[in-house]
Amino acid sequence: VQLQASGGGLVQAGGSLRLACTSSARTSSNNAMGWFRRAPGKEREFVAAVSWRGETKNYADSVKGRFAISRDNAKNTVYLQMNSLNPEDTAVYYCAVGFTPYSTGSSPGSYKYWGQGTLVTVSS
């Protein structure tokens, strides 16, 4: 199982970042993909998910209208475009592989594989 997240960094409030999560074809083929995050001192929370063909997307209320999830199955990569970032978005972001092609739910139990995380820090 290989999930490699990248794209994190330090950005000022109002700025943008794009995260990427690349997996082996065997790891993510035909499965939904999701992003979660864990802020300092807080529980892990759902951010967004996309079905394996990309036709179904699910977002947490806190990121709707600011974040966009997409995927490129030819590259075995899922992206998270994050715009209008604010300090409350500071967290380690994790990508995950769903159990099924349509596992776009917000529960961590819907996902079977997890990446190592990439840190996003938003300064005020």
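Look up a bit, the structure's there.
Fair warning: this is a prediction, and the values are worked out from it, not measured in the lab. (Residues numbered from 1 in each chain as written. Predicted model: local features only at pLDDT ≥ 70, side-chain atom pairs only at ≥ 80, totals over all residues. Heavy atoms only, no water.)

**Student:** Describe the overall build of the protein chain, listing the residues and the values that go with them.
**Tutor:** Looking only at helices and strands, the protein chain has one helix and eleven strands in total. Ordering the α and β elements of the protein chain from the N terminus gives β-β-β-α-β-β-β-β-β-β-β-β. For 124 residues, the compact-globule formula gives about 14 Å, and the C-alpha radius of gyration of the protein chain, at 13 Å, lands near that figure. Taking the principal axes of the C-alpha coordinates as reference, the protein chain spans close to 40 × 25 × 25 Å. Out of the 124 residues belonging to the protein chain, those deemed buried represent 44%. A sequence separation of at least 24 residues applies to 59% of the contacts in the protein chain between residues at least 6 apart. Summed over all atoms, the accessible surface of the protein chain reaches about 6,100 Å², with 47% contributed by carbon and sulfur. Of note, the protein chain has its 13 positive side-chain charges centred 8 Å away from the centre of its 7 negative side-chain charges. (Helix = DSSP H or I, 4+ residues; strand = E, 2+ residues; numbered from the N terminus. Rg over C-alpha atoms; globule rule 2.2 N^0.38 Å. Buried < 20%, exposed > 50% of the residue type's maximum accessible area, 1.4 Å probe, protein only. Contact = heavy atoms within 4.5 Å. Areas by Shrake-Rupley, 256 points an atom, 1.4 Å probe, with all protein chains shown as cover. Lys, Arg positive; Asp, Glu negative; His and termini not counted. Charge placed at Lys NZ, Arg CZ, Asp CG, Glu CD.)

**Student:** Describe in detail the pattern of salt bridges, supporting the description with residues and values.
**Tutor:** Scanning the entire structure with this criterion turns up four salt bridges. Residues Arg37 and Asp89 are paired through a salt bridge, measuring 2.9 Å at the closest nitrogen-oxygen approach. Separated by 52 residues along the polypeptide, Arg37 in strand β4 (residues 33-38) and Asp89 in the loop between β8 (77-82) and β9 (91-98) bring together distant segments of the chain. Asp89 carries the same exposure label as Arg37, and that label is buried. For the salt bridge of Asp89 with Arg66, the shortest nitrogen-to-oxygen distance reads 2.8 Å. (Salt bridge = Lys/Arg side-chain N within 4 Å of Asp/Glu carboxyl O.)

**Student:** Report on the environment of Leu10, specifying residues and quantitative values.
**Tutor:** Positionally, Leu10 belongs in strand β2 (residues 9-12). The exposure class of Leu10 is exposed, given its relative accessible area of 67%. Once the C-alpha coordinates of Leu10 and Val47 are considered, the two residues, 37 residues apart in sequence, prove to be 19 Å apart.

**Student:** Just give me the short version of the environment of Ala74, but keep the residues and values in it.
**Tutor:** The residue Ala74 is located in the loop between β7 (67-72) and β8 in this model. Taking the C-alpha atoms as reference points, Ala74 and Ser29, separated by 45 residues in sequence, lie 10.0 Å from one another.

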